[in-house]
Amino acid sequence: MTLLRRLFLFVLLTLTTQVGGVIYLLHAFLFVRFGKQGKPKKLKRRISFVVWYLLICLLVVPLFARLGGRRALPVWGMGIRPQNVITVLSNRHYVSTAMYHLVTDVAKTYGSSKTEGSTRKLCYLDANFPFIEGFPLLPHLSHDDGNKLDLAFHYYNTNNIHRNTNQSPGLFGYGVYVPPEQTEFDQVSQCISSNKYYDITKYVGLRKDGGKLQFDERNTQRIVELFVDTDVTKIFIEPHLKQRLGVTSSKIRFHGCHSVRHDDHIHIQID
Ligand SMILES: [Zn+2]
């Protein structure tokens, strides 16, 4: 039973954090080898695993990832932040060196104009894992080479529309949609009729803002336009948002009904 439980935890940690499974096995081996027996062993073991995990992920993994050509996106950098700290704690914020420079350059430009309240920040969601070409960052099968990144839309607070907020309405950054209006082309419904999983992200669309945050067309358009002017080769958003934002570049494409809906985030990639 212990072996099965360990195997399950190893697979789960590997799929969700990539290096967590290896850290878990290493820790289990060393704890059994050198740990002292006694009643509080279980609690001690869990605490020491968490400490190990955090130390290795925050201090060691970024160094080794760089040797393999991937860099961790900044957590407190100018004009950039993760939408959710879990993205960072689970090593889901790594990109190739080319993508790193591209994104941080856009973030500096985006964050350079001060608005009331605070500096605007580019808010990133899932990127890639730190190691191994072809190792997908589930559930995004294409995020496997360092050259893919998801970004949050910008929102404004309806309680004070003049004051900048860098918050997003969803707890996890996905699943809170900006659906088509009646006059807009409804690609979403068409895709749902052929792929019932097209809106599967609705199950993680937990709102944390109490309905206060609204889609900010002007700043989201600015984000898309800034990336159009870079070496990014493809930008995926739903067709009705491309229409609403008035962005026309051929880089902005429809991702296809086999994917999931993209009216809750922007996907960018370089080939
Ligand atoms: Zn993506």
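Read on for an overview of the structure. (Residues numbered from 1 in each chain as written. Predicted model: local features only at pLDDT ≥ 70, side-chain atom pairs only at ≥ 80, totals over all residues. Heavy atoms only, no water.)

Observations regarding the coordination of the zinc ion
Counted only if it meets this: Here a donor is an N, O or S atom found within 2.8 Å of the metal, or within 3.2 Å if the metal is Na, K or Ca; sites may look incomplete because water is not among the atoms. A 1.4 Å probe rolled over the protein chains alone gives each residue an accessible area, and that area as a share of the maximum for its type sets the label: buried under 20%, exposed over 50%, partly exposed in between.
Those protein atoms acting as donors to the zinc ion are His143 (NE2), Asp150 (OD) and His267 (ND1), and they sit at 2.0 to 2.2 Å. Of note, the donors binding the zinc ion are all from one chain and are spaced H-x6-D-x116-H. Across the pair, exposure class does not vary: histidine 143 and aspartate 150 are buried alike.

What to know about the pattern of salt bridges
In plain terms, the rule: Each reported salt bridge corresponds to a side-chain nitrogen of Lys or Arg within 4 Å of a carboxyl oxygen of Asp or Glu. Secondary structure counts use DSSP, requiring at least four H or I residues in a row for a helix and at least two E residues in a row for a strand, with both numbered from the N terminus.
This structure, assessed with the given rule, holds nine salt bridges. A salt bridge links arginine 70 to glutamate 133, with the shortest nitrogen-to-oxygen separation between them at 3.6 Å. Here arginine 70 is found in strand 1 (residues 70-72), whereas its partner glutamate 133 is found in the loop between strand 4 (122-124) and strand 5 (148-151), with 63 residues between them in sequence. Given the relative accessible area of 4%, arginine 70 is considered buried. The class of glutamate 133 is exposed, set by a relative accessible area of 62%. The closest approach of N and O atoms between lysine 202 and aspartate 199, which form a salt bridge, is 3.5 Å.

Details of the pairing of strand 10 (residues 266-269)
How we decide: A pair of strands is considered paired only if DSSP assigns at least 2 bridges between the two.
A two-sided burial pattern is seen for strand 10, the buried positions comprising Ile266 and Ile268 on one face and His267 and Gln269 on the other. Of the strand pairs in this sheet, strand 5 and strand 10 are connected by four bridges, and their pairing is antiparallel. Note that in strand 10 the partner of lysine 148 across the bridge is glutamine 269. In terms of strand pairing, strand 8 (residues 234-236) meets strand 10 through three bridges, oriented antiparallel. Bridge pairing in strand 10 places isoleucine 235 opposite isoleucine 268.

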